[in-house]
Amino acid sequence: MSEAQQQQVNLGSLSLEQLQMVREQVEAEIQQLSESIQQLKHASNKYIEAKEAMGGLKGTDGKEMLVPLTSSIYLPGKINSKEKVLVDIGTGYYVEMGIEQGQNFSNRKVQLITEQVNKVQTAINMKRQNLESIVQVAQQKISLYKQQQQQQQQSQPQK
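All values derive from a computational prediction rather than experimental measurement.

**Some points on the layout of surface pockets**
Then step 1. Looking at the second largest pocket, its volume works out to about 410 Å³.
Then step 2. Considering the residues around the second largest pocket, the lining is formed by 14 residues, among which Ala50, Met54, Leu86, Val87 and Asp88 are closest to the centre.
Then step 3. Where the lining of the second largest pocket is concerned, the elements lending two or more residues are α1 (16-55), β3 (84-90) and α2 (99-155).
Then step 4. In terms of residues, the lining of the second largest pocket owes the most to one element, α1, which gives six residues.
Then step 5. Looking at the lining of the second largest pocket residue by residue, the classes come out as 10 nonpolar, one polar and three charged.

As structure tokens, this is what we get:
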């Protein structure tokens, strides 16, 4: 949900049960955003690995290597590159680029992902602040409820 779609709610007007539900929802959102950060970091690491692998290709024409068919099946192959690589630019499209171009592409992707991670981290921090506010209001309501209970017990005549 975007910031514009979110509504401001007066936490003091909510019951304890409603506060509990809001707290659980915010905790779930924090968990989901944290998982998104992990996925983004994983993608960033893949681009970093790709950049390093491209750097290792320079001057390796004719070198023999194992080409993965699956995660456990490899075929022998030879590097037949004239300083060119095929780069996956997304949704199954590949573009032939020079090694330096491919590395620059990877750098841009890592930078873009880092910016997204920072945005998501900011959202998590805001959600955590909201969660703290919810917990504080719930604690205040519980404290007030306990005070009222004590006052009622003290005001009732002893039998």
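**Here we look at the packing of α1 against α2**
Then step 1. Running from N to C, α1 and α2 cross one another at 165°; their axes reach a closest spacing of 8 Å. Classed by the angle they form, the pair α1 and α2 counts as roughly antiparallel. Crossing of α1 over α2 shows left-handed handedness.
Then step 2. Here the residues of the contact of α1 with α2 sort into 27 nonpolar, nine polar and nine charged.

**Focus on the environment of Leu14**
Then step 1. Looking at the element boundaries, Leu14 is found in the segment before α1.
Then step 2. Separated by 127 residues in sequence, Leu14 and Lys141 have C-alpha atoms that sit 9.8 Å apart.
Then step 3. Setting aside residues no more than four positions away along its own chain, Leu14 makes contact with Val9, Leu19, Val22 and Lys141.

**Considering the nonpolar core**
Then step 1. Grouped together as the largest cluster of nonpolar side chains are 14 residues, with contacts concentrated most on Leu11, Leu19, Val26, Ile30, Ile37, Ile124 and Ile134.
Then step 2. Elements supplying a minimum of two residues to this core: α1 and α2.
Then step 3. Among the elements that take part in this core, α2 stands out by supplying eight residues, more than any other.
Then step 4. Apart from the residues within four sequence positions on either side, Ile30 is in contact with Ile124, Lys127, Arg128 and Leu131.
Then step 5. Counting residues in each nonpolar core, the second largest holds six residues, with Val85, Val87, Met97 and Ile99 among its members.

**Here we look at the packing of aromatic side chains**
Then step 1. Taken as a whole, this structure holds one aromatic pair when the rule is applied.
Then step 2. Ring plane angle 65° and centroid distance 6.4 Å describe the contact between Tyr47 and Phe105, whose orientation is recorded as edge-to-face. Placement of Tyr47 in helix α1 and of Phe105 in helix α2 is noted, with a sequence separation of 58 residues between them.
Then step 3. The class for Phe105 is buried, based on a relative accessible area of 11%.

**Describing the pattern of salt bridges**
Then step 1. Taken as a whole and judged by the stated rule, the model has two salt bridges.
Then step 2. In this structure, Arg23 engages Glu27 in a salt bridge whose closest nitrogen and oxygen atoms are separated by 2.6 Å. Of this pair, Arg23 and Glu27 both sit in helix α1, separated by four residues, roughly a single helical turn.
Then step 3. Since its relative accessible area comes to 22%, Arg23 is described here as partly exposed.
Then step 4. Residues Lys127 and Glu29 are paired through a salt bridge, measuring 2.6 Å at the closest nitrogen-oxygen approach. Separated by 98 residues along the polypeptide, Lys127 in helix α2 and Glu29 in helix α1 bring together distant segments of the chain.
Then step 5. Using a relative accessible area of 22% as the deciding quantity, one classes Glu29 as partly exposed.

Reading guide: rules and limits
Residues numbered from 1 in each chain as written. Predicted model: local features only at pLDDT ≥ 70, side-chain atom pairs only at ≥ 80, totals over all residues. Heavy atoms only, no water. 1 Å grid on protein atoms, 1.4 Å probe; cavity = no way out; pocket = protein on both sides within 12 Å on 5 of 7 lines; lining within 4 Å. Points joined across faces, edges and corners; volume = space filled by probe spheres on them. Helix = DSSP H or I, 4+ residues; strand = E, 2+ residues; numbered from the N terminus. Nonpolar A, V, L, I, M, F, W, Y, C, P; charged D, E, K, R; others polar. Axes fitted to C-alpha atoms, helices over the stretch in contact; angles between N-to-C directions. Parallel < 35°, antiparallel > 145°, perpendicular 65-115°, else oblique. Left-handed = near helix turned anticlockwise from the far one by under 90°. Contact = heavy atoms within 4.5 Å. Core = buried A, V, L, I, M, F, W, Y, C linked by side-chain atoms within 4.5 Å. Buried < 20%, exposed > 50% of the residue type's maximum accessible area, 1.4 Å probe, protein only. Phe/Tyr/Trp six-rings, centres within 6.5 Å; stacked < 30°, edge-to-face > 60°. Salt bridge = Lys/Arg side-chain N within 4 Å of Asp/Glu carboxyl O.

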